[in-house]
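# Structural overview
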Amino acid sequence: MTSPVERIFVECPKCGHAFIDWCRPSINTELDDFDEDYIREAMTATCPKCGHVIEL
Ligand SMILES: [Zn+2]
């Protein structure tokens, strides 16, 4: 089962900027037909200040 979107608090390890992002803790790619870009976006957070991509 694919988890609902969760709002998470992220602190950028590069610049220290704290922001709210979202993720899906688990994605069932067999049952739910998400494209790869969506999955990538769901599993990472991008710092709005410096653009650093954080793996969740
Ligand atoms: Zn940053």
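Check the entry above for the structure.
Residues numbered from 1 in each chain as written. Predicted model: local features only at pLDDT ≥ 70, side-chain atom pairs only at ≥ 80, totals over all residues. Heavy atoms only, no water.

### Section: the coordination of the zinc ion
For the zinc ion, the full set of protein donor atoms is Cys12 (SG), Cys15 (SG), Cys47 (SG) and Cys50 (SG), at a range of 2.3 Å. For the zinc ion, the four donor atoms are set out with angles of 108 to 114° between them, so the coordination reads as tetrahedral. Assessed through its relative accessible area of 2%, Cys47 is described here as buried. (Donors = N, O, S within 2.8 Å, 3.2 Å for Na, K, Ca; no water. Tetrahedral: all angles 85-135°; square planar, octahedral: opposite > 155°, others 65-115°. Buried < 20%, exposed > 50% of the residue type's maximum accessible area, 1.4 Å probe, protein only.)

### Brief notes about the pattern of salt bridges
Summed over all chains, the structure comprises one salt bridge. For the salt bridge of Glu55 with Arg40, the shortest nitrogen-to-oxygen distance reads 3.2 Å. Placement of Glu55 in strand E4 (residues 53–55) and of Arg40 in helix H1 (residues 36–43) is noted, with a sequence separation of 15 residues between them. (Salt bridge = Lys/Arg side-chain N within 4 Å of Asp/Glu carboxyl O. Helix = DSSP H or I, 4+ residues; strand = E, 2+ residues; numbered from the N terminus.)

### Focus on the packing of aromatic side chains
All chains considered together, the criterion is met by two aromatic pairs. Between Trp22 and Tyr38 the ring centres are 6.1 Å apart and the planes differ by 40°, which places this aromatic pair in the tilted class. Here the residue Trp22 occupies a position in strand E2 (residues 18–23), and Tyr38 occupies one in helix H1, the gap between them amounting to 16 residues. Looking at Trp22, the relative accessible area reads 23%, which means it is partly exposed. Their ring planes at 20° and their centres at 4.8 Å tell us that Phe34 and Tyr38 sit as a pair that is stacked. Judged by its relative accessible area of 25%, Phe34 is partly exposed. Among the aromatic side chains, those forming a connected cluster through ring pairs are Trp22, Phe34 and Tyr38. (Phe/Tyr/Trp six-rings, centres within 6.5 Å; stacked < 30°, edge-to-face > 60°.)

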